[in-house]
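Notes for the structure review
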Amino acid sequence: MKHFAPGAARSTTTYLPVSSPAARQGPGARAAQCGATLALLLLLALLGPGPAAAQPSPLLPQPAELRWGTGRLALGAPLQLQITAPAAPDPAVRPAALRALGRLPGPGRAPKTAGPVLQIRYGRAGQPARPGPDEERYSLRVTPDGVLIDAPTGLGVLRALATLEQLPRTENGRAYLPEADILDRPRFAWRGLLLDAARHFLPVAVIKRNLDGMAAVKLNVLHWHLCDDQGFRVESKLLPRLQQVGGATGYYTQAQVREVVAYAAARGIRVVPEFDLPGHAGALVASYPRLASNDSVRAVPVRWGVLNIAIDPTRETTYAVLDSLLTEMAGLFPDPYFHVGGDENDGRQWRHNPRIVAFMRDKKMVKAGTADAVDKHQLQTYFNRRVLALLAARGKTMVGWDEILGPDLPPAVAIQSWRGAKGLNEAVRLGHPALLSNGYYLDLLHPAADLYAADPLPAGTPLDAAQQALVLGGEAAMWSEFADSALVDARVWPRAAAVAERLWSPQATAQDVPALYRRLALVSDQLETLGLRHRRAPAQLLQQLAPPGALGPLATLAGMLEPVKDYKRHFQGFVYTTQTPLSRLVDAAPAESDAARQFGAVVDSVLAGLAAPVRPPAAARQRLALRAQLLRWQANDAALQPMLLASPALREYAPLSTRLGALATVLLERLAQLETNRPALPVWQVTARATLADAQLPAGQAELAVVKAARRLAGL
Ligand code: ACM
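So, on to the packing of helix H17 (residues 495-504) against helix H18 (residues 513-530). Two numbers describe how H17 lies on H18: the axes approach to 10 Å, and their chain directions differ by 120°. Here H17 lies oblique to H18, going by the angle between them. The handedness of the crossing between H17 and H18 is right-handed. Note on element contacts: H18 touches H17 through Leu-516, Arg-519, Leu-520 and Val-523, opposite Ala-497, Ala-498 and Glu-501. In the contact of H17 with H18, the residues fall into 5 nonpolar, no polar and 2 charged.

A few words on helix H13 (residues 421-429). What H13 keeps buried is the set Gly-423, Leu-424, Asn-425, Ala-427 and Val-428. The elements touched by buried residues of H13 are strand E14 (414-417), strand E15 (434-436), helix H15 (465-469) and strand E16 (471-478). Where H13 terminates, the next one or two residues include Gly-431, which has phi positive at roughly 90°.

On to the pattern of salt bridges, then. Summed over all chains, the structure comprises 36 salt bridges. We note a salt bridge from Arg-121 to Asp-150, for which the minimum N-O separation is 2.8 Å. Here Asp-150 lies in strand E5 (residues 146-153) and Arg-121 lies in strand E3 (residues 117-124), a separation of 29 residues in the sequence. You'll find Arg-121 and Asp-150 in the same group, each marked buried. Put simply, Arg-348 and Asp-346 hold a salt bridge, and the shortest N to O gap is 2.7 Å. Arg-348 gets classed as partly exposed once you look at its relative accessible area, which sits at 38%. Here the salt bridges do not stand alone but share partners, grouping Asp-196, Arg-199, Asp-228 and Glu-481 into one network.

Attention now goes to the packing of aromatic side chains. Taken as a whole and judged by the stated rule, the model has 14 aromatic pairs. On the numbers, 6.4 Å between centres and 70° between planes, the contact of Phe-275 with Phe-333 is edge-to-face. Taken together, the positions of Phe-275 in strand E11 (residues 270-275) and Phe-333 in the loop between helix H9 (316-332) and strand E12 (337-339) put the pair 58 residues apart, joining distant regions of the chain. The same class applies to Phe-275 as to Phe-333, namely buried.

For the rest of this paragraph, the subject is the pairing of strand E9 (residues 221-228). Here E9 lies mainly inside the structure; 8 of its 8 residues are buried. Looking at chain direction, strand E8 (residues 190-196) and E9 are connected through 5 bridges and run parallel. Across the sheet, residue Asp-196 finds its bridge partner in E9, namely His-225. Each parallel crossover has a hand, and for E8 linked through helix H5 (residues 204-216) to E9 it is right-handed. Pairing analysis gives 6 bridges linking E9 to E11, with the strands arranged parallel. Residue pairing across strands places His-225 opposite Glu-274, the latter belonging to E11. Bridge analysis of E9 against strand E10 (residues 231-232) gives 2 bridges, and the strand direction is antiparallel. Bridging from a neighbouring strand, Asp-228 pairs with Gly-231 of E10.

Quick look at the nonpolar core now. Core analysis: the biggest nonpolar cluster contains 110 residues, and Leu-222, Trp-224, Tyr-252, Phe-333 and Trp-493 have the highest contact counts within it. Setting aside anything within four residues of it in sequence, one finds Trp-493 in contact with Leu-193, Asn-210, Gly-213, Met-214, Val-217, Leu-219, Leu-527, Leu-532 and His-534. Judged by nonpolar contacts, the second largest core, of 56 residues, contains Val-586, Leu-660, Trp-684 and Val-706.

With that settled, consider the pairing of E14. Side chains of E14 alternate between two faces, with Ala-414 and Gln-416 and Ile-415 and Ser-417 buried alike. Of the strand pairs in this sheet, strand E13 (residues 397-401) and E14 are connected by 3 bridges, and their pairing is parallel. For Val-399, the partnering residue across the bridge sits in E14 and is Ala-414. Note that E14 and E15 share 3 bridges and pair parallel. Along E15, the bridge assignment pairs Ile-415 with Ala-434. You can see the chain leave E14, run along H13 and come back into E15, and the turn it takes is right-handed.

It is worth spelling out empty space enclosed by the protein at this point. Empty space among the atoms becomes visible once a probe the size of a water molecule is rolled across them. Its boundaries defined by the atoms lining it, the largest cavity holds a volume of some 180 Å³. Along its surface, the largest cavity is lined by 15 residues, and Arg-99, Arg-103, Leu-158, Glu-165 and Ala-215 are the ones closest to its centre. Taken together, the elements giving at least two residues each to the lining of the largest cavity come down to helix H3 (93-103), helix H4 (154-166) and H5. The dominant element in the lining of the largest cavity, judged by the number of residues it contributes, is H4, at 5 residues. Residues that form the lining of the largest cavity fall into these classes: 9 nonpolar, no polar and 6 charged. Estimated volume of the second largest cavity: approximately 140 Å³. Taken together, 15 residues line the second largest cavity, and the ones lying closest to its centre are Asp-443, Leu-445, Phe-482, Asp-566 and Arg-569. Residues of the lining of the second largest cavity, tallied by class, amount to 9 nonpolar, 1 polar and 5 charged.

Criteria and cut-off values
- Residues take numbers from 1 onward in each chain, read along the sequence in its written order.
- Note on the predicted model: pLDDT of at least 70 is required for a residue's local features to be given, and 80 or more for side-chain atom pairs to be given and counted; whole-chain, interface and lining totals, by contrast, use all residues.
- Neither water nor hydrogens contribute to the side-chain values; these are computed over all heavy atoms in the structure.
- Axes, fitted as lines to C-alpha atoms, cover a helix only where it is in contact. Angles between the N-to-C directions of the axes lie from 0 to 180 degrees.
- We count a stretch as a helix when DSSP gives it H or I for four or more residues in a row; a strand needs E for two or more, and each element gets its number in order from the N terminus.
- Roughly parallel refers to an angle under 35 degrees, roughly antiparallel to one over 145, roughly perpendicular to one between 65 and 115, and oblique to any angle outside these ranges.
- What makes a crossing left-handed is the near helix being turned counterclockwise from the far one by less than a right angle; a clockwise turn instead makes it right-handed.
- Only heavy atoms enter the contact rule, under which two residues are in contact if any of them lie within 4.5 Å.
- Each residue is assigned to one class: nonpolar for Ala, Val, Leu, Ile, Met, Phe, Trp, Tyr, Cys and Pro, charged for Asp, Glu, Lys and Arg, and polar for all the others, Gly among them.
- Burial status follows relative accessibility: with a 1.4 Å probe on protein chains alone, a residue under 20% of its type maximum counts as buried, one over 50% as exposed, and anything between as partly exposed.
- Within this document, salt bridges are pairs made up of a side-chain nitrogen of Lys or Arg and a carboxyl oxygen of Asp or Glu, the two lying within 4 Å of each other.
- In this analysis, rings of Phe, Tyr and Trp, with Trp reduced to its six-membered ring, are considered paired at centre separations within 6.5 Å, and the interplanar angle assigns stacked below 30 degrees, edge-to-face beyond 60, and tilted for intermediate values.
- Strands are labelled as partners when DSSP assigns at least two bridges between them.
- Looking down the strands as they point away from you, a crossover is right-handed if its path from the first strand over the helix to the second goes clockwise.
- Residues belong to one nonpolar core when they are buried, are Ala, Val, Leu, Ile, Met, Phe, Trp, Tyr or Cys, and are joined through side-chain atoms within 4.5 Å.
- Only protein atoms enter the 1 Å grid, on which a cavity is a set of points fitting a 1.4 Å probe that cannot get out and a pocket is an open set with protein on both sides within 12 Å along at least 5 of 7 lines, lining residues being those with an atom within 4 Å of a point.
- Grid points are joined across faces, edges and corners, and a volume is the space filled by probe spheres set on the points.

As structure tokens, then:
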């Protein structure tokens, strides 16, 4: 938070069966082989979908082009790795291939006989920070004989390996890869995830496991938010009070930063640091009071909110400090982009300082048509130009949030729009490269379907081709006021994967929301095996919270809850500081309740079944399942209610359990009405309306996620 405001070139790859002599002999034999392969593809297309195709795709993001064959590659023996590398190999490729092989299911020990081959060919090392249309392109072909990955760059190989890791299936306990032919490339070159290590410090292990998650879904930029009011998180040798004071609750040593950057690079992920300036400067100012615009900040702030603490842009000493800071940090982060924030400074500290106001008047930083009404935006632009010069001298491209946009901002600055698609469009019209984050704020806790719907270049975009070319992509953003190092994974995953698909897959193929959810469930499994803790951590919190014998019913209730959305947690009479434990039931509740979504799907199919002229045979079964579910909710409340009331930590959630039980009672009545074609009498409607209204009320900063579906069933 912050935040209280509202095609690349088609592949020319030839497909070679992995075991063919042509594959080993190189380009001379390739043309003939190509014809044969095309004929094979044509045949596959004519034959139509085979058995493998009958199963829906597990891949997320969806590849640009995917064709299933009918064969299988059994994973009874480990694949043998063969890499055809250029003279200057990409150091990321072999380790990534070995990791992928280690993650494929199959026998753990190498068998006596050599298994089929995983053959990898690529043309040059990847250049992640200078992406062209070919940079991440790849082809991946699985035949019964082996796997062939072919890519212009090592980065493309990494993306192909991520796809390969999602392909295995199991039948009767035997793992195999389905025959498949994939041509793939990203829609956008910049596909980011912002992790906020300033509000709650996120140890290196947390960052690394999230990098593994990012690589699995082909996100390629970690936007590391390292400095905000509540913390400065990087060791500085030149300005050590930054970590001694600003980082007293946790910071990364420079060695750890290098370790993370290397870990990311090995996964084809860039790291763009953000040092938020001139606002969000509480930790900076507490560390070095000479930066301050007034003397109001005596310590690193511990409250959340937009504090409007800004450094003083009028003094040369400020730029001397920034020169040291940016020199040191620019050297630590090799990526050519460097983010300087720029958001949420309303200029109040500047306006209240007569010396700063005099500076603005002297420099004619006044609102148009006035003699002396100072304009903070002009002062911020002055500041931005000074910072831009410091960064440009160090070879960095500056990135800032959309507040910094204005006619005087040099177009070389890239703009990240968090306030709306309008900011993105304005930025590119003014010639800035731009990124979209509006719509992708994970901490607003909106469902994956909503994240998926946001698009940097939606159908009907008003931008022309040249402007569209300036749209680099987008970033999911996880501000961490309400996510600590234990729970942040659960607020990021699996929803961030929906953003990953939006930014990678062709717009036309990434439209099917039920298919997205089906694949999110698979990715969610995959991510837990990669070490993410989005399921384990909330489950552990539930275990800690549950009185003896209550875990089952408590988990049922928690699964039906979601935390209040948007930034309502700031505004419900609870006072949070950086030290407030995030250990209530609301913190164990999922960002998006799967159980509630599944309930909604059952309700919709029951309603469709009842509305059909001839009731389908499955409809009676669905009604039975729905009835059983509602009876379970009633029983759950009966079992849980006394335990909630007896527990000081859980008592605040007792009303939600009561309301879930009451909702179940009303819905059981409604179901009986529908099944027997009885109308909903007015007196029933009055009670039902009151029950639904009650069910919508939050308690303990959580709310029942089933109310919308309940309204549909109730017809109210
Ligand atoms: C922001 O959310 N203030 C960038």
